[in-house]
Amino acid sequence: MTNLNEKMVALGTQRSVIRELFEFGKLRAAEIGAENVFDFSIGNPSVPAPAKVNETAARILSEMDPVLLHGYTSAQGDAGVRAMLADSVNRRFHTSYCADHFYMTVGAAAALCCCFHGLCNAGDEVVIFAPYFPEYTVFARGAGANPVIVPADTEAFQIDFTAFAQALSPATKAVVVNSPNNPSGVVYAEETIQKLAAVLNAKAEEYGHPIYLISDEPYREIVFSGTTVPFLPDYYKNTLVCYSWSKSLSLPGERMGYVLVPPAVEDSAQVYAAIAGAGRSLGYVNAPSLFQRVCAACADETSDISVYETNKNLLLKSLREMGYQVVEPGGTFYMFPRSLEEDDAAFAERAKAHNLLIVPGCGFGCPGHVRISYCVPTEQIKRSLPAFEALAKEYR
């Protein structure tokens, strides 16, 4: 057989636990009916995109020259689109960015990959806080960097600063934060961000080189009960923002996002060029032309996130009454309760006997927990409660 890149073969043949559960759920639904399978495995938004999204797409399709619309844009994204995004961010966060601080990407995944590939040399370290989105380690290794995992603070899912200090080294090139967080749903408090910034400033000075803070923000708008998400460039100058409309506008399949490189970033023009070069090297060419324009026109919109808050409140109250320990999510559409036995994979497997599909926390770098993705119809939450209760009874 031809010599192949074995790392890529492994990635291509080993489906994630989340995807395995999702596929199992589809097979199980065909056997016993979808209404009897309680699939909480995948973060696929369950509320439709705002009406303005389809209206805008239809308007652009009817009004714009199709040759121009479906042709290439600039590699960094259409200039008018980037100017509209700068206006939107400036209105909401009282900043003064311009079009040339934004680089349009194929979703937040491409934004992260462009940052990792643009910033990192072989052997550099990327610090990641558990619990974390599992693909972070894939993206970092793909860029030649070594992911360094900071164990979770499982009491509040803020940052364990003692463990963080131990994870930093002169090889640290970047630190990734995800708030609101997948899988815990927790939002980092302002005090947490302030302390994080202070540590990074001190260590960057000690090591004699910048440490970049990469803020992964696909859930920025999905917050509950007046929760505020600190805007990280306000707290730490060397912050790069990776954004996506997959969750806020319920458009995960359209693959639209951006990297924001604020002018305060040290050598910001060079950093922007490195990110653009990474996009070129990775073959992204340009982000989808139509949805660049749609997302820019709808940048101040969100889907009906009240559905997620309703689901969160119902599920949180019910699970706690059954004896599950859960840190209350401040946003997203995920919940991360403790598993009822030490082996979270065994617990998740046991849940399948009740047709409950929940994801083991070990895949998120945080064993002893499970992720419940409650971006589902509220009626599914209600129907699932007897199954959660039956599962809990097995451990009493």
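Residues numbered from 1 in each chain as written. Predicted model: local features only at pLDDT ≥ 70, side-chain atom pairs only at ≥ 80, totals over all residues. Heavy atoms only, no water.

Colleague: With reference to specific residues and values, describe the overall build of the protein chain.
Modeller: Assigned secondary structure in the protein chain consists of 14 helices and 12 strands. At 21 Å, the protein chain has a C-alpha radius of gyration in line with the 21 Å of a compact globule built from 396 residues. Taken along the three principal axes of its C-alpha coordinates, the protein chain extends 60 × 60 × 55 Å. Within the protein chain, residue pairs in contact and separated by at least 24 positions form 75% of the contacts whose partners lie at least 6 positions apart. Surface accessibility of the protein chain: about 17000 Å² in total, with carbon and sulfur atoms responsible for 52%. In the protein chain, the 31 positive side-chain charges and the 43 negative ones have mean positions that sit 3 Å from each other. (Helix = DSSP H or I, 4+ residues; strand = E, 2+ residues; numbered from the N terminus. Rg over C-alpha atoms; globule rule 2.2 N^0.38 Å. Contact = heavy atoms within 4.5 Å. Areas by Shrake-Rupley, 256 points an atom, 1.4 Å probe, with all protein chains shown as cover. Lys, Arg positive; Asp, Glu negative; His and termini not counted. Charge placed at Lys NZ, Arg CZ, Asp CG, Glu CD.)

Colleague: Give me the sheet that holds strand 11 (residues 359-360): which residues, what numbers.
Modeller: Taking strand neighbours across the sheet as the criterion, the 3 strands line up as 9-12-11 in an open arrangement whose pairing is antiparallel. Only two strands of the sheet have a single neighbouring strand rather than two, namely strand 9 (334-335) and strand 11. (Pairing = 2+ DSSP bridges.)

Colleague: An account of the pattern of salt bridges is needed here, citing residue identities and associated values.
Modeller: When the charged atoms of two side chains with opposite charge come close together, those side chains can pair. Considering all chains together, one arrives at 18 salt bridges under this definition. Among the salt bridges present, the one from Arg350 reaches Glu394, with a minimum N-O distance of 2.5 Å. Of this pair, Arg350 sits in helix 13 (residues 344-352) while Glu394 sits in the segment after helix 14 (378-393), placing them 44 residues apart in sequence. Look at Glu394 and you get partly exposed, because its relative accessible area is 34%. One network of salt bridges, with partners in common, ties together Arg91, Arg92, Glu217, Arg220, Glu221 and Asp300. (Salt bridge = Lys/Arg side-chain N within 4 Å of Asp/Glu carboxyl O. Buried < 20%, exposed > 50% of the residue type's maximum accessible area, 1.4 Å probe, protein only.)

Colleague: Could you give an account of helix 12 (residues 306-322), with specific residues and numbers?
Modeller: Given a rise of 1.5 Å per residue, 17 residues ought to cover 24 Å, and the 24 Å separating the end C-alpha atoms of helix 12 matches this to within 8%. Those residues of helix 12 lying buried are Tyr308, Asn311, Lys312, Leu315, Leu316, Ser318, Leu319 and Met322. Here the buried face of helix 12 lies against strand 9, strand 12 (370-373) and helix 14. Immediately downstream of helix 12, the backbone of Gly323 shows phi near 105 degrees, a positive value. (Expected span 1.5 Å × (residues − 1).)

Colleague: Hey, could you go over unusual backbone geometry for me, with residue numbers and the actual values?
Modeller: With glycine set apart, most residues show a phi of negative sign, and most peptide bonds adopt trans. The omega torsion across Ala130 and Pro131 is -5 degrees, close enough to zero to call that bond cis. Within the element layout of this structure, Pro131 appears in the loop between strand 3 (125-129) and helix 7 (135-142). A cis amide bond links Ser179 with the next residue in sequence, Pro180, at an omega value of 0 degrees. The backbone of Ser250 sits at a positive phi, close to 55 degrees, despite the residue not being glycine. Considering the arrangement of structural elements, one finds Ser250 in the loop between strand 7 (239-244) and strand 8 (257-260). Its identity as a non-glycine residue notwithstanding, Asp267 has a phi of 55 degrees, on the positive side.

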